[in-house]
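Topology and contacts: notes
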Amino acid sequence: LQESGGIYQATWQSLVNAIKQPDKRKHFIAGFIISLVAGVFMPLLGVVIAMLAGAVKEWWDSRGHGTVEALDFIFTSFGALAALPFSFLIHNLIF
């Protein structure tokens, strides 16, 4: 990150501010749960399914059912990726 401003600092600050929003936490948790449940069988596929769910949710919002926000998809994806090590662990314990 740049010390004296710039796009990296602005992007970082945007993410820090977004973490405080309950909606972004819900997207993170949803991505985590979807990835974990689907990832028990195939961990990487769980991440793909969770990210696809986030994309479909934003598409649904774009049809007049909500507000489209790129950060919603990003936080769903972060949750999906955060679940990946747990999915691998559970997968290896079961199979």
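Scroll up a little and you will see the structure.
The rules behind each value
- Residues numbered from 1 in each chain as written.
- Predicted model: local features only at pLDDT ≥ 70, side-chain atom pairs only at ≥ 80, totals over all residues.
- Heavy atoms only, no water.
- Axes fitted to C-alpha atoms, helices over the stretch in contact; angles between N-to-C directions.
- Helix = DSSP H or I, 4+ residues; strand = E, 2+ residues; numbered from the N terminus.
- Left-handed = near helix turned anticlockwise from the far one by under 90°.
- Salt bridge = Lys/Arg side-chain N within 4 Å of Asp/Glu carboxyl O.
- Buried < 20%, exposed > 50% of the residue type's maximum accessible area, 1.4 Å probe, protein only.
- Expected span 1.5 Å × (residues − 1).
- Arc of directions from axis to C-beta.
- Contact = heavy atoms within 4.5 Å.
- Parallel < 35°, antiparallel > 145°, perpendicular 65-115°, else oblique.
- Nonpolar A, V, L, I, M, F, W, Y, C, P; charged D, E, K, R; others polar.

Focus: the packing of helix α2 (residues 22-39) against helix α4 (residues 70-94)
- Interaxial distance between α2 and α4 falls to 6 Å at its minimum, and their mutual angle equals 35°. For the crossing formed where α2 meets α4, the hand is right-handed.

Section: the pattern of salt bridges
- Summed over all chains, the structure comprises four salt bridges.
- Between Lys-24 and Glu-69 there is a salt bridge; the shortest N-O distance is 2.8 Å. Here Lys-24, found in helix α2, pairs with Glu-69, found in the loop between α3 (43-65) and α4; they are 45 residues apart in sequence, far enough to count as distant.
- A relative accessible area of 29% places Glu-69 in the partly exposed class.
- The salt bridge involving Lys-24 is made with Asp-72; its shortest N-O contact spans 2.8 Å. With Lys-24 in helix α2 and Asp-72 in helix α4, the pair connects residues that are 48 residues apart, well separated along the chain. Neither Lys-24 nor Asp-72 differs from the other in exposure class; each is buried.
- Salt bridges sharing partners connect three or more residues here, namely Asp-23, Lys-24, Glu-69 and Asp-72.

What about α2?
- For α2, spanning 18 residues, the distance from its first C-alpha to its last is 25 Å, which sits close to the expected 26 Å at 1.5 Å a residue.
- Buried within α2 are the following residues: Lys-24, His-27, Gly-31, Ser-35 and Gly-39. Projection of α2 onto a plane perpendicular to its axis shows the buried side chains occupying an angular sector of 75°, all on one side. Along α2, the residues that are exposed and aim more than 90 degrees away from the buried face are Pro-22, Lys-26 and Val-37.
- Structurally, α2 contributes buried residues whose contacts are with α1 (7-19), α3 and α4.

Observations concerning the packing of α1 against α4
- Interaxial distance between α1 and α4 falls to 12 Å at its minimum, and their mutual angle equals 80°. Taken together, the axis directions place α1 and α4 in an arrangement best described as roughly perpendicular. On the side of α1, the interface is formed by Ser-14, Leu-15, Ala-18 and Ile-19, while α4 contributes Leu-71, Phe-75 and Phe-78.
- Classifying every residue of the contact of α1 with α4 gives six nonpolar, one polar and no charged.

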